[in-house]
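# Residue-level structural notes
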Amino acid sequence: MTGRVMEVAQGGLFKGQVELDEASVAGRVNGKLTVKGLLKVTAGGEVRGEIRYGELQIEKGGVIAGDIGLLDTPSKDSKPEAEASKMEAKTAAD
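This structure is a prediction, so every number in the text was calculated from the model and none was measured.

## Let's talk about the confidence of the model for the protein
Chain-level pLDDT for the protein is 84 on average; 77% of the residues reach the 70-or-more range. pLDDT under 50 marks residues 78-94. Its contacts with residues more than four places away, or in other chains, come to one contact.

## So, the side chain of T34
For T34, the position within the fold is in strand 4 (residues 28-41). The class for T34 is buried, based on a relative accessible area of 15%.

## Section: the pattern of salt bridges
Where charged atoms from two side chains of opposite charge come close, those side chains can pair. Under the defined criterion, the tally for this structure stands at five salt bridges. With its nearest N and O atoms 3.8 Å apart, the salt bridge here joins D21 to R4. Note that D21 is positioned in the loop between strand 2 (13-20) and strand 3 (22-25) and R4 in the segment before strand 1 (5-8), a separation of 17 residues in sequence. Where R48 meets E46, a salt bridge forms, and the shortest distance between an N and an O atom there is 2.8 Å.

## Re the nonpolar core
Residues M6, V29, L33, L39 and V47 are the most contacted members of the largest nonpolar core, which totals 15 residues. Breaking this core down by element, the ones donating at least two residues are strand 1, strand 2, strand 3, strand 4 and strand 5 (46-58). Not counting the four nearest positions on each side in its chain, V47 is found in contact with V25, V29, L33, V41, V63, I64 and A65.

## Considering the environment of V63
Within the secondary structure layout, V63 lies in strand 6 (residues 63-70). The spatial distance from the C-alpha of V63 to the C-alpha of V47 is 6.2 Å, given a sequence separation of 16 residues. With near-sequence residues (within four places) excluded, V63 lies in contact with V41, G45, E46, V47 and R48.

## Looking at the pairing of strand 4
Bridging between strand 2 and strand 4 involves eight bridges; their strand directions are parallel. The partner of F14 across the bridge, within strand 4, is V29. Across three bridges, the pairing between strand 3 and strand 4 is parallel. What sits directly across from V25, in strand 4, is V41. Bridging between strand 4 and strand 5 involves 12 bridges; their strand directions are parallel.

Conventions and cut-offs
Residues numbered from 1 in each chain as written. Predicted model: local features only at pLDDT ≥ 70, side-chain atom pairs only at ≥ 80, totals over all residues. Heavy atoms only, no water. pLDDT = per-residue confidence, 0-100. Contact = heavy atoms within 4.5 Å. Helix = DSSP H or I, 4+ residues; strand = E, 2+ residues; numbered from the N terminus. Buried < 20%, exposed > 50% of the residue type's maximum accessible area, 1.4 Å probe, protein only. Salt bridge = Lys/Arg side-chain N within 4 Å of Asp/Glu carboxyl O. Core = buried A, V, L, I, M, F, W, Y, C linked by side-chain atoms within 4.5 Å. Pairing = 2+ DSSP bridges.

Here's what the structure looks like:
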């Protein structure tokens with residue numbers, strides 16, 4: 001499943017695989033969670049499984065557990081190497 005924003009309310013449960021832009025968890029999430037932007041886990045919230053995020057905020061009392069990692073996202077200021085090399089080659093030919 002993919003989407004933009006997911007909010008799991010206190011007492012709520014999501015099980016499965018999801019890719020999102022942002023997520024806020026006050027309930028429980030179990031599974032594979034990929035959040036390109038901010039993953040916020042509030043006090044009492046719990047995320048377990050394979051977790052990838054762009055930014056992470058965990059309030060005191062929030063829990064994340066499992067295979068956790070930062071997404072590899074290129075910065076807005078950097079150009080991919082292939083594109084940069086292509087531009088350099090074009091400039092040298094001119």
